[in-house]
Amino acid sequence: MSITFDVYRGSKEGKIVADKTTRPLRPTDVYIETTHSGLCGTDEHYLHSGQVLGHEGVGVVKQAGEAVTHVQVGDRVGFGYTHEVCGICDHCISGWDQYCVNKKEYGTHNHDLGTFSRGVIWNAGNVFKIPDGYDSANAAPLMCAGATVWTCLTEYGVRPTDRVGIMGIGGLGHLAIKLAAAMGCHVVVLSSSEKKREEAMQFGASEYHVFSAGQEMKDFKPLKHLLLCGSANVDYPSLLPLMDVHGTIYPLTVDFKPSAVPLLFMCAKGIRIQGSLVASRKSLKTLLQFAADKKIEPTIMKFPLNEAGIEDAMQTLRDGKMRYRGVLVRE
């Protein structure tokens, strides 16, 4: 059985193009009618590729393959970057399925799969029920931005009361502040100006410091963890003095250029640079429930889920005017 649905692609010219695609519904797949999609900076990277964009989806299951058991027609579900995993290797069994050695589509988007769409065919093992009462518009940004910071906060030894630094208050950073504060961490925000101080404190920050590369921070108590949520151009020599012994830095922005790392100073203090990118299914499930229980809501701007709305949202992001995560909503 195959299903045809509307999608929105990027193009060589950098414009959003409406299109249709037809996909088979396999026994392990579900057909989801998309209602909401978050907008990510990664979509800008793929804009000229010609593929269907988006990887922060929420929608309603309309059809399910005969082997699907954990979701049903009518369920409201979220779906993110990973389309398919094997479910049997050690990575999947341990909950680290973002590193699944057998999955076919990890690291690449199938050109016909994306959340900028009126519908998707998705492997049912990679869709997640949205808790009752939690708004779909708030759930969409959690499928990538929220999940990215959540993985750092839950998989690498962050504990309540730890001093957790957040550098950069944007789509990732504002969620990192809210989540870390809800976990009971002492959240320390580092920003390039005073402009976002009031918002950061409202989000749950305990401290706010204006910081720039090369600046000496006097009377600054060191950080146990530091999430880099801003510019991809990381100046590690300026960050290491901020870190506690055995502290961890998490670079969450993508940069294809090598970064200089002062190994001697890093080794002397036992500082770790911890990579983290795509969240596992385990992380997504726990995040959705945690956000619903703690009533954590991303700060969002809404746009129509159509060509004009996507263009408007992407230009808003490009201009640095998104506060703080764009969500496309089906009319």
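Bear in mind that the values here come from a model prediction, so they are computed numbers and not experimental data.

Q: Please explain the pairing of strand β11 (residues 223-228) as it appears in this structure.
A: Put simply, side chains in a regular strand alternate between the two faces of the sheet. Along β11, 5 of the 6 residues are buried, which leaves the element largely enclosed by surrounding structure. Sheet topology note: the strand β8 (residues 163-167)/β11 ladder contains 4 bridges and is parallel. Across the sheet, residue Ile 166 finds its bridge partner in β11, namely Leu 227.

Q: Got a minute to help me understand helix α10 (residues 307-318) in this structure?
A: Turn by turn, an α-helix covers 3.6 residues, leaving residues three or four places apart pointing in a common direction. Between its first and last C-alpha atoms α10 spans 16 Å; for 12 residues at 1.5 Å apiece the expected length is 16 Å, and the two agree. Of all the residues in α10, the buried ones are Gly 309, Ile 310, Ala 313, Met 314 and Thr 316. The arc that holds every buried residue of α10, seen down its axis, measures 155°, which confines them to one face. Lining the buried residues of α10 we find β1 (2-9), α1 (41-45), β14 (300-304) and β15 (325-329). A side-chain oxygen of the first residue of α10 lies 3.3 Å from the backbone nitrogen of Ala 308; this N-cap is Asn 306.

Q: What's the story with helix α5 (residues 171-182) in this structure? I'm lost.
A: An ideal rise of 1.5 Å per residue puts 16 Å on 12 residues; α5 measures up with 17 Å between its terminal C-alpha atoms. Among the 12 residues that make up α5, 10 are buried, leaving the element largely enclosed by the rest of the structure. By the burial criterion, the buried members of α5 are Gly 171, Leu 172, Gly 173, His 174, Leu 175, Ala 176, Ile 177, Lys 178, Leu 179 and Ala 180. Gly 184, located one to two residues past α5, shows a positive phi value of around 95°.

Calculation rules
Within each chain, residue numbers correspond to sequence positions counted from 1 in written order. At least 70 in pLDDT is required for a residue's local features to be given in this predicted model, at least 80 for side-chain atom pairs to be given and counted, and no such filter applies to totals for whole chains, interfaces and linings, which use all residues. For the side-chain quantities, the full set of heavy atoms in the structure was used; hydrogens and water were omitted. Burial classes follow relative accessibility: with a 1.4 Å probe on protein chains only, a residue under 20% of its type's maximum area counts as buried, one over 50% as exposed, and anything between as partly exposed. Numbering goes from the N terminus for both helices and strands, where a helix is a DSSP run of H or I of at least four residues and a strand is a run of E of at least two. Paired strands, as defined in this entry, are two strands with at least two bridges between them according to DSSP. Residue count minus one, scaled by 1.5 Å, sets the expected span of a helix. As used here, the arc belongs to the directions running from the helix axis to the C-beta atoms. Contact criterion: two residues are considered in contact whenever any of their non-hydrogen atoms come within 4.5 Å of each other. Polar contact is defined as a pair of N or O atoms within 3.5 Å, subject to the rule that within protein one atom must be able to donate a hydrogen and the other to accept it, and that residues adjacent in sequence are counted only when both atoms are side-chain atoms.

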